[in-house]
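For reference, the chains in residue letters:
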Amino acid sequence: MSRSVPILTIFLLFTSLCVLSLADSPQCLGLVLQGSADKGGYQAGALQGLLSVLKPEDLQYDVVSGVSVGAVNAAWVSQFPKGQEEQMINQLVDFWLNLKTSDVYKQWPGGIVQGLLFEPSIYNTDPGQKMLRQHLTQKAQRFVSLGATNVDTALYKSFHNFHSDLEADDLVDAVMASYALPGFFPYKVINDTAYIDGGAVMSADVGTVVSKCREITGKNDSAIHIDVILLTGTHYKPQDVAGYNGIRMLMRTIELMSYHNAISGLVQAQESYPNVDFRYVIQPKKTLPDSILPVSFNHQDIKQMIKIGAQDAIQQVQMGKGVSAKQAFAEAMELFRGGDLENMKGKLMDQFVQEFEQLVKENTEKLEI
């Protein structure tokens, strides 16, 4: 009996030291920004909403990932070091409020016909590249990952500064690659490799954030805290596409692909990282404005998206940490097991191909005339 006491004491001491060690281990706060066409204003609004109900230090993200339009916002966040959260968010909201279509892309001299038949895309994004160079003026100030799709291998590519700097020019190139919406915006060549929108493979990159956070925390997943801001969410919104032309059908197909990727990504995140603390998963509770013209960057639509984003973020915080994440994971799992996502995407893609072929035929006939 007398020997068991020291053994018990040693065991309790060892356990206490382990608990203290975990409590004192480095923490890592990550942010995941999904991509979806021109809806980045929603994410700016969501961050503004978080700032209104949380302390700025609660938003000092160590690692940020973004895909497509989410990459635009992620690159913006990377320009501000930790401690400048208020300036970062307020200026991001101002950026979206002042954004115009002409800041992002323009028509080719020969219009859509030239884009469809003689160029790599319908629109010319030289204005967007110029705009990014005006705003992304320094190397990334915090860990950031911008996701694109390798056209040759069909694999996801993360452009990041985890082991070497991402200078300002690198950030611009990575955003242009990540936001190269198939058909609409031209692919981006980086180091002799062509890249398109990262959302073609993965619309919300949780894995890269967790991987870097594991380096920071010493593989202590319980010390990893992640916020996710979705643009499509787990709520599928049916639309009557009977009157859509080829371009609108393409946009709808891209949105559905992004929706599908978000659902499967959430399911994979839940299964792969059970010990990671998903703090808030913010997603649109209302239908976000949708213009007849694709990627229109309409000012009134952007204002509305910012407002909805702020409202949704505040609501998620009021529900409590982890609650919105649990709901999103449960909804995603239910949809994923339903098996209807691939069928919806396939039907829309088939209809797009038919509409697109007709559109090309009509414009070819015009040229022959």
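Residues numbered from 1 in each chain as written. Predicted model: local features only at pLDDT ≥ 70, side-chain atom pairs only at ≥ 80, totals over all residues. Heavy atoms only, no water.

Section: the state of the cysteines
Now for step 1: A complete count under the given rule lists 1 disulfide for this structure.
Now for step 2: The partner cysteine of Cys 28 in its disulfide is Cys 213, sulfur to sulfur 2.1 Å. Sign of the S-S torsion, about -60 degrees for the bond between Cys 28 and Cys 213, identifies this disulfide as left-handed. Here Cys 213 lies in helix H9 (residues 207-217) and Cys 28 lies in strand E1 (residues 28-33), a separation of 185 residues in the sequence. For the pair formed by Cys 28 and Cys 213, the shared burial category is buried. (Disulfide = S-S within 2.5 Å. Helix = DSSP H or I, 4+ residues; strand = E, 2+ residues; numbered from the N terminus. Buried < 20%, exposed > 50% of the residue type's maximum accessible area, 1.4 Å probe, protein only.)

Digging into H9
Now for step 1: Regarding H9, the residues found buried are Thr 208, Val 209, Val 210, Lys 212, Cys 213 and Thr 217.
Now for step 2: Looking one or two places after H9, you find Gly 218, whose phi comes out positive at around 70 degrees.

A closer look at the side chain of Asp 205
Now for step 1: Of note, Asp 205 is situated in the loop between strand E8 (193-197) and H9.
Now for step 2: There is no salt bridge for the buried Asp 205, and the closest opposite charge comes from Lys 157, which lies 11 Å off by N-O distance.
Now for step 3: In this structure, Asp 205 is in contact with Val 32, Ser 65, Val 67, Ser 145 and Tyr 156, ignoring residues within four places of it in sequence. (Lys, Arg positive; Asp, Glu negative; His and termini not counted. Salt bridge = Lys/Arg side-chain N within 4 Å of Asp/Glu carboxyl O. Contact = heavy atoms within 4.5 Å.)

Let's talk about the pairing of E8
A regular strand places its side chains on the two faces of the sheet in alternate fashion.
Now for step 1: Counted residue by residue, E8 has 4 buried out of 5 residues, so it is predominantly covered.
Now for step 2: Bridge analysis of strand E5 (residues 143-150) against E8 gives 3 bridges, and the strand direction is antiparallel. Each bridged residue has a counterpart across the sheet, and for Thr 149 the counterpart in E8 is Ile 196.
Now for step 3: With 3 bridges connecting them, strand E7 (residues 188-190) and E8 associate as antiparallel partners. Paired with Ile 190 across the strands is Thr 193, a residue of E8.
Now for step 4: Here E7 folds back onto E8 in antiparallel fashion, the turn holding 2 residues, of which Asn 191 has a positive phi close to 50 degrees. (Pairing = 2+ DSSP bridges.)

Considerations on the packing of aromatic side chains
Now for step 1: Tallying each qualifying case throughout the model produces 10 aromatic pairs.
Now for step 2: A centroid spacing of 5.5 Å and a plane angle of 45 degrees characterise the contact between Tyr 105 and Phe 185, whose relative ring orientation is tilted. A residue pair is termed long-range when its members are at least 10 positions apart, and Tyr 105 in the loop between helix H5 (101-104) and strand E3 (106-107) and Phe 185 in the loop between helix H8 (168-178) and E7 qualify at 80 residues. The pair Tyr 105 / Phe 185 is uniform in exposure class, with both members buried.
Now for step 3: When the ring of Phe 159 is compared with that of Tyr 195, the centres are 5.1 Å apart and the planes differ by 75 degrees; the resulting orientation is edge-to-face. Of the two residues, Phe 159 sits in strand E6 (residues 156-160) while Tyr 195 sits in strand E8, which places them 36 residues apart along the sequence.
Now for step 4: Given the relative accessible area of 7%, Tyr 195 is considered buried.
Now for step 5: By the ring-pair criterion, three or more aromatic residues cluster together here, those being Trp 76, Phe 80, Phe 95, Trp 96 and Phe 297.
Now for step 6: Here the basic side chain of Lys 157 rests over the ring of Phe 159, its NZ or CZ set 5.4 Å away from the ring centre.
Now for step 7: Taking NZ or CZ as reference, Lys 212 lies 4.3 Å from the ring centre of Phe 143, over its face. (Phe/Tyr/Trp six-rings, centres within 6.5 Å; stacked < 30°, edge-to-face > 60°. Lys NZ or Arg CZ within 6 Å of the ring centre and 35° of its normal.)

Quick look at the confidence of the model for the protein chain
Now for step 1: Across the protein chain, the average pLDDT comes to 85, with 78% of residues at 70 or higher.
Now for step 2: In the predicted structure, residues 15-22 sits below a pLDDT of 50 and forms 1 contact with residues beyond four places in sequence or in another chain. (pLDDT = per-residue confidence, 0-100.)

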